[in-house]
Structure formats: C-alpha cells, structure tokens
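# Notes for the structure review
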Amino acid sequence: MVVTVRDVLGDALFSTASPCVEVAAGDLDESVRWVFTNEREDVASFLAGGELLVVEGRSLVADGREPRLGAYVKSLVKAGVAALVVELVEEVTDLPAGLMSAARDEGLTVIGLHRRIPFVDICQNVNTMIVRGQMRMQMQVDVMSTSLRAELAQTSDVRSIADVIARLFDESVAIFDMDGLEVARVGQHVGDDAGGNAVLALSDQIRPLGALEISQRNTTFDEPMRRRIGQIVSPVLALYLDGGARVGMVAHLVAGPADGVHVTSMEAREGHAMLEALGFAAASVYMPFGMRLKSVAGAMPAICAMIEAFESHEGYESVYLLEGDLLIGFFAAKDSGGDVVRFSGHCLKALDQASADDRIYTVHSHAALDTISLVDAFGALRTMLKLRGDSDGNDENPYGTLACTDATLLERMLDVERTDDAVRMVVTQTVGYELLHNSTLIDTLCACFDNLDNKTGACEQLGIQRQTLYNRLDKVTQIVGISSSDKMSWSMLLLGAKLVQSQRNRMPSATVALV
C-alpha cells in the first residue's frame with residue numbers, strides 16, 4: 001500500500017488539526033515516502049524526495065525570510081517534496097502571500113493546519129502508516145513470488161508462461177519478443193486504454209528479451225511488483241526467446257556510450273565492427289530514433305505500418321529492439337547516393353506518422369554518417385526519453401508527439417562534469433565527423449553565428465559574395481541534413497561550429513578530435 005497526500009488528509013489524527021489545502025498546485029495522489037519536520041531555510045539539502053514537510057507558520061516570516069520564500073519553494077520542488085504542511089495558529093494564521101504565489105507558480109501543494117497538534121504525533125502516526133503499508137506490500141510481493149515461481153516451473157513454452165501469469169493475476173497478458181513481435185496472448189483486454197496496462201521489460205542481463213504487458217483491470221501493479229515479476233519471468237522466457245548474435249550486436253549499439261555522454265575510441269571501434277557485421281558498409285547513413293510506448297500491444301500496429309512504409313523505399317532498412325516500453329533503433333540507407341536531406345526527409349515522415357498515435361512518444365536525432373555520431377545519439381535519445389518520457393513526472397503528456405534531441409542538448413551539456421567531454425558531446429551531435437574536418441564550412445557557420453545568422457553580415461565578415469555563402473550553406477545541409485529553416489537544430493549546429501573554431505584557435509596546431 002502506497003500512502004498518498006490524500007490518504008494523509010483523510011487520516012483520523014491528522015484531521016483533528018483541521019487541515020485545509022491552501023494551494024492545490026501539486027497532485028494529492030502523490031505518494032508520501034516519509035513525514036519530516038525541519039524549519040531551516042536550507043532544509044531541501046536534507047531531503048531525498050517524497051517527504052511531507054511539516055513547519056510552523058511563524059518560521060516562514062522569522063528573521064526576514066519573507067523576501068526569500070520564492071527561493072525556498074523552488075528548493076522544495078527541486079528536492080521533490082510531496083507537499084508542504086504549515087501550522088497556521090496564533091501569530092501567523094494565513095500563508096504569506098509570497099509563499100502562496102510561488103507555490104502556485106512552481107507546482108507545490110501546501111496544506112494549512114488550523115488547529116494545533118504536536119508535530120511529533122503527526123510524524124509518528126503517518127510514518128507508522130507508511131511502514132505498515134510497506135510491510136503489507138512486501139508480504140504480498142513475497143506470496144506472489146512464491147506462487148509465480150512454482151507455477152512457472154511447470155511451463156514448457158511461451159504460451160504456457162502467458163497462461164500462468166494470466167491465471168495467477170486474473171488479467172489479460174501479452175508477451176512480445178525483442179523485435180516487437182507478439183509471441184503469446186491470453187485474454188482480450190491487453191492494449192485497452194481503460195485503466196492502463198503494466199508494461200515490464202524482460203532481459204537476460206546480457207540483452208533485452210522484449211516486453212510483458214499485463215492489463216490492470218483487477219490488480220494494480222506498482223513498481224516493486226513489476227520489478228519482481230520481471231526478475232522471475234525473464235530467466236524462464238530466456239529459454240524460448242533468443243535472438244542470437246544479431247540481437248547481441250544491436251543491443252550493444254543501441255545501449256549508447258557507457259557513460260551516457262560520449263563514446264571512447266574503443267567503443268567506437270567496437271561499434272564500427274558490429275555495424276559491418278550487421279551488413280552496413282562505410283557509405284551507410286543512419287537516423288537514430290527512440291519511442292516510449294504507453295501500450296506495446298496498442299502501439300505496435302502503428303509502428304509496423306511505419307516500418308513497412310519506410311522500407312518500401314529501395315535500399316532503406318530499419319533496425320530496432322524492444323526493451324519493455326522502450327523501442328530504440330535506427331533507420332539506415334546502405335547507399336544514400338549522398339542525398340542526406342532526402343533520406344532524413346523520409347525518416348522524419350515515417351516517425352511523424354507513428355507519433356500521431358497517442359500511445360507513442362517519439363524522439364529522433366539527426367542523420368549520422370559515422371559510428372561515433374550514431375552511438376552518441378543513442379545516449380542522447382535515452383537521456384531525453386528518461387527526462388521527458390514519463391508522463392507521471394511531467395506536467396505535459398508527451399505521448400502523441402515527435403521531438404528532436406536538440407531540445408535537451410543544452411540541458412545535457414550542463415549536466416556533463418568535464419568541459420572537454422561536454423564540448424565533444426555537442427560537436428558530435430551537431431557538426432559530426434565529416435563537417436568537422438571542413439575548415440571552410442566551419443568558418444562559414446561561425447560567421448553566421450557571429451552575425452546572428454544575418455547573411456549580409458556573414459558575407460562581409462568572410463569577404464565573399466552572397467551566392468557563395470548560399471552554396472556553402474547548401475553544402476552543409478547536404479552533409480548533415482539540417483536546413484536553416486529548422487531554427488532550433490540550426491542554432492545548435494552554429495553553436496557546435498563555434499565550439500570547434502574556439503578549440504582550434506586555442507590549439508592552432510592540433511586537430512579537434514571527436515574521441
């Protein structure tokens with residue numbers, strides 16, 4: 001049992017303090033991990049997320065704190081508190097206006113207590129409720145685990161595994177392999193939007209096995225339950241779902257760089273060897289993409305239609321793996337004829353077609369002409385899907401949309417600890433290897449950067465005619481597949497070029513390296 005803010009409000013002891021939701025900016029169904037009381041202004045540094053923070057109203061206006069209440073609220077939201085509880089008795093009976101305004105703007109739920117009750121009683125009572133709920137949940141998981149293991153020991157194929165799960169939980173079940181193909185289904189309700197489904201990632205610790213989707217018409221599968229089911233079912237399914245060496249190589253590629261930021265020279269060599277083993281020659285061009293699926297059963301028809309439409313073009317292929325609710329891979333053309341723009345256009349048209357389904361959140365990178373850019377892009381895709389792909393953690397539901405990794409490039413850059421690593425990451429994902437070594441085009445892009453993309457100013461800085469500038473920019477577009485009409489991606493490209501030029505100016509005799 002998960003204790004929520006709403007549960008706390010309905011608790012008998014808590015109700016004696018006459019609680020009132022003063023600001024309902026957050027979610028009352030937010031889970032409460034612990035109840036904590038501390039009136040320090042820097043309390044956020046002691047929080048881990050999910051706390052119900054209880055303070056006295058007088059502490060918010062003591063020692064001239066009122067002008068800093070906005071920063072205080074921001075720090076609590078950043079720390080991930082479930083809600084702020086303020087005792088409003090005697091001297092301070094109303095929330096300070098600055099705190100209310102900031103709470104509404106930042107999305108913090110604030111509860112006022114209009115009768116006095118010892119904070120220690122609140123903490124003890126609610127925390128006891130949380131611990132008891134966790135114990136009951138653990139007992140349920142343990143009982144389920146024992147029953148599931150015993151039943152699975154008698155199975156002989158994928159269908160019988162699905163039968164066991166469906167019977168044990170009285171739910172509909174579908175199992176998908178790593179290629180997204182449905183290999184077993186029991187019941188009619190998998191893929192229904194009503195109530196939502198639980199999608200579990202299956203893995204044998206070396207490579208993904210696919211996904212298990214279970215309806216939630218009778219049972220709600222929380223995260224601990226999902227994790228335990230996945231741990232129990234995966235080793236059994238691994239006996240029947242084996243994609244062989246191909247799946248292993250694809251899984252290695254789409255995992256992205258080990259640090260999630262930028263490939264090492266060893267990773268680049270391994271990735272190149274795997275691409276060759278998969279049949280992609282040095283002239284291949286790739287478009288990395290990732291999708292988060294609200295329902296695998298519901299989304300796969302749209303994805304299959306997308307793949308079929310894309311591969312109808314001669315020489316075009318797709319490679320991808322299903323990892324639970326995440327599908328990640330790339331489009332490829334073994335011989336694009338040098339027309340990266342045309343290839344990119346077909347890729348984006350296919351992705352846009354799939355993202356129209358409101359069960360799919362799609363993210364793409366730019367066309368990659370080398371292994372380094374391709375593998376780095378998977379790190380960017382995974383980061384963005386993690387940041388924006390969980391609708392429960394964001395105000396906006398991203399499903400049914402198509403986004404580019406450029407949208408979070410600066411955020412990811414700021415998260416990289418070493419400046420050199422951050423610069424290499426940006427250069428790889430914007431400029432790429434081929435453009436990096438063309439000094440004329442890099443200088444042209446930098447002139448556009450210096451003149452706020454004003455073509456007249458860029459021509460004057462470079463000492464060239466306007467048509468020459470346009471010819472160079474067309475060449476850039478042919479190389480990287482980015483047009484100046486794509487404002488966000490073009491701006492990131494100009495930034496990447498400027499970083500390359502700045503590095504060269506600092507080290508004139510050195511060549512800027514991607515790895």
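Per-chain numbering applies: the sequence of each chain, read as written, is numbered from 1 onward. Local features are withheld for residues below a pLDDT of 70 in this predicted model, meaning they are given only at 70 or higher, and side-chain atom pairs are given and counted only at 80 or more; totals for whole chains, interfaces and linings count all residues. Each side-chain value is worked out from all heavy atoms of the structure, with water and hydrogens disregarded.

### Re the overall build of the chain
The helix count covers DSSP runs of H or I at least four residues long, the strand count covers runs of E at least two residues long, and both are numbered beginning at the N terminus. A tally of helices and strands in the chain yields 19 helices and 14 strands. With the principal axes as the frame, the chain shows a C-alpha extent of 80 × 70 × 35 Å. Taking all 515 residues of the chain together, the buried fraction comes to 51%. Note on areas: Shrake-Rupley with a 1.4 Å probe; residue coverage comes only from the protein chains shown. In the form shown here, the chain has an accessible surface area of approximately 23500 Å², with 49% of it arising from carbon and sulfur atoms. For the purpose of charge, His is not counted, nor are the chain termini; Lys and Arg are scored as positive and Asp and Glu as negative. Lysine's charge is taken at NZ, arginine's at CZ, aspartate's at CG and glutamate's at CD. Of the charged side chains in the chain, 44 are positive and 70 negative, and the gap between their average positions amounts to 2 Å. Only protein chains enter the accessibility calculation, which uses a 1.4 Å probe; a residue whose area is less than 20% of its type maximum is buried, one above 50% is exposed, and one in between is partly exposed.

### Details of the pairing of strand β7 (residues 182-186)
Here, a strand pair is defined by DSSP locating no fewer than two bridges between the strands. Strand direction decides the pairing type here: strand β6 (residues 173-177) and β7, joined by four bridges, are antiparallel. When the sheet's bridge partners are listed, Ile175 is paired in β7 with Ala184.

### Brief notes about the nonpolar core
Within the largest apolar cluster, 58 residues are counted, with the highest numbers of intra-cluster contacts made by Leu148, Ile165, Ile175, Leu212, Ile229, Val233 and Phe330. Only buried Ala, Val, Leu, Ile, Met, Phe, Trp, Tyr and Cys residues count toward a nonpolar core, and they belong to the same one when joined by side-chain atoms within 4.5 Å. By size, the runner-up hydrophobic cluster in this structure holds 34 residues, among which are Ile464, Leu495, Leu499 and Val500.

### Section: a nonpolar patch on the surface
Surface patches are drawn from residues lacking salt bridges whose relative accessible area is over 30%; two like charges belong together within 9 Å, two nonpolar side chains (Val, Leu, Ile, Met, Phe, Trp, Tyr) within 5 Å. Between Lys or Arg on one side and Asp or Glu on the other, a salt bridge is scored when a side-chain nitrogen of the former is within 4 Å of a carboxyl oxygen of the latter. Taken together, the side chains of Trp34, Val131 and Met135 present a nonpolar region at the surface, about 280 Å² in accessible area. According to the relative accessible area criterion, Trp34 is partly exposed, its value standing at 37%.

### Some thoughts on the sheet that holds β6
One open sheet accounts for four strands, arranged β7-β6-β9-β8; its pairing is antiparallel. Because the sheet does not close on itself, it has two edges, and the strands there are β7 and β8 (197-203). Here the average twist between neighbouring strands, direction ignored, is 15°. Whether two residues are in contact is decided by their heavy atoms: any pair within 4.5 Å suffices. As a rule, the C-alpha atoms of each element are fitted with a line to give its axis, helices using only the stretch in contact, and angles between N-to-C directions run from 0 to 180 degrees. Lying on the sheet, helix α6 (residues 158-169) is in contact with β6, β7 and β9 (208-215); it crosses β7 at an angle near 35°.

### Brief notes about the sheet that holds strand β11 (residues 316-323)
Across the sheet, which stays open at both edges, the five strands sit in the order β11-β12-β10-β13-β14 with mixed pairing between neighbours. Edge positions in the open sheet fall to β11 and β14 (401-404), since each of these has one partner strand only. With strand direction ignored, the average angle separating the axes of adjacent strands in the sheet is 20°. Pairing of strand β13 (residues 360-364) with β14, which is carried by four bridges, proceeds in the parallel orientation. Bridge pairing in β14 links Tyr361 to Thr401. Across the sheet, helix α8 (residues 244-254) is in contact with β11 and β12 (326-333); its angle to β11 comes to roughly 85°.

### Describing the pattern of salt bridges
Tallied over the full model, the rule gives 21 salt bridges. As a salt-bridge pair, Arg116 and Glu90 come within 3.2 Å of each other at their nearest N and O atoms. Of the two residues, Arg116 sits in the loop between β5 (109-113) and α5 (119-152) while Glu90 sits in the loop between β4 (83-87) and α4 (97-106), which places them 26 residues apart along the sequence. By relative accessible area, Glu90 is classed as exposed at 52%. Two residues, Arg227 and Glu223, come together in a salt bridge whose shortest N-O distance is 3.7 Å.

### Section: the packing of helix α10 (residues 296-311) against helix α11 (residues 340-355)
For the pair α10 and α11, interaxial distance at closest approach is 9 Å and the crossing angle is 160°. In terms of their interaxial angle, α10 and α11 are classed as roughly antiparallel. Along this stretch, α10 crosses α11, giving a crossing that reads as right-handed. Contacts between α10 and α11 involve Ala305, Met306, Ala309 and Phe310 from the first element and Phe343, His346, Cys347, Ala350, Leu351, Gln353 and Ala354 from the second. Each residue is assigned to one of three groups, with Ala, Val, Leu, Ile, Met, Phe, Trp, Tyr, Cys and Pro labelled nonpolar, Asp, Glu, Lys and Arg labelled charged, and all others, Gly among them, labelled polar. By residue class, the composition of the contact of α10 with α11 is nine nonpolar, two polar and no charged. Here the word oblique covers every angle except those under 35 degrees (roughly parallel), over 145 (roughly antiparallel) and from 65 to 115 (roughly perpendicular). For any helix crossing, the convention is left-handed if the near helix is rotated counterclockwise from the far helix by under a right angle, and right-handed if that rotation is clockwise.

### A short note on the side chain of Ser365
Within the secondary structure layout, Ser365 lies in the loop between β13 and α12 (371-388). Overall, Ser365 belongs to the buried group, its relative accessible area being 5%. Residues within four places of Ser365 in sequence aside, it is in contact with Met287, Pro288, Ala377, Leu381 and Thr405.

### Description of the environment of Gly298
Checked against the element boundaries, Gly298 lands in helix α10. Given the relative accessible area of 10%, Gly298 is considered buried. Sequence separation between Gly298 and Val190 is 108 residues; the distance between their C-alpha atoms is 7.9 Å.

### A short note on the confidence of the model for the chain
Confidence in the prediction for the chain averages 88 pLDDT; 93% of positions are at 70 or higher. A low-confidence stretch, residues 389-395 stays under pLDDT 50, and its non-local contacts, those more than four residues away or across chains, total 12 contacts. Every residue is assigned a pLDDT by the predictor, reflecting its confidence on a scale from 0 to 100.

### Re the pairing of β13
Where burial is concerned, most of β13 is hidden: five out of the five residues are buried. Here β13 shows two buried faces, one formed by Ile360, Thr362 and His364 and the other by Tyr361 and Val363.

### Structural notes on the environment of Arg159
For Arg159, the position within the fold is in helix α6. In the structure, Arg159 is positioned 191 residues away from Ala350 in sequence and 33 Å away in space, judged by C-alpha atoms. Each residue touching Arg159, except ones within four places of it in the same chain, is listed here: Ala184, Arg185 and Val186.

### Focus on helix α3 (residues 69-79)
An α-helix turns once per 3.6 residues; consequently, residues spaced three or four apart project the same way. Buried within α3 we find Leu69, Tyr72, Val73, Leu76 and Ala79. Considered in projection along α3, the buried side chains sweep an arc of 125° and stay on one side of the axis. Exposed side chains of α3 directed beyond 90 degrees from the buried face belong to Ala71 and Lys78. On the buried face of α3, the contacting elements are β3 (51-56), β4 and α4. With its phi angle positive at about 85°, Gly80 sits one or two positions after the end of α3. Think of the arc as the fan of directions from the helix axis to the C-beta atoms.

### Quick word on helix α18 (residues 466-480)
In a helix, the anticipated span is given by 1.5 Å times the number of residues less one. Here α18 is 15 residues long and its end C-alpha atoms lie 21 Å apart, about the 21 Å a rise of 1.5 Å per residue gives. Among all positions of α18, only Leu469, Leu473, Val476, Thr477, Ile479 and Val480 are buried. The arc that holds every buried residue of α18, seen down its axis, measures 165°, which confines them to one face. In this fold, the buried residues of α18 make contact with α11, α14 (419-430), α15 (432-436), α16 (439-450), α17 (455-462) and α19 (487-506).

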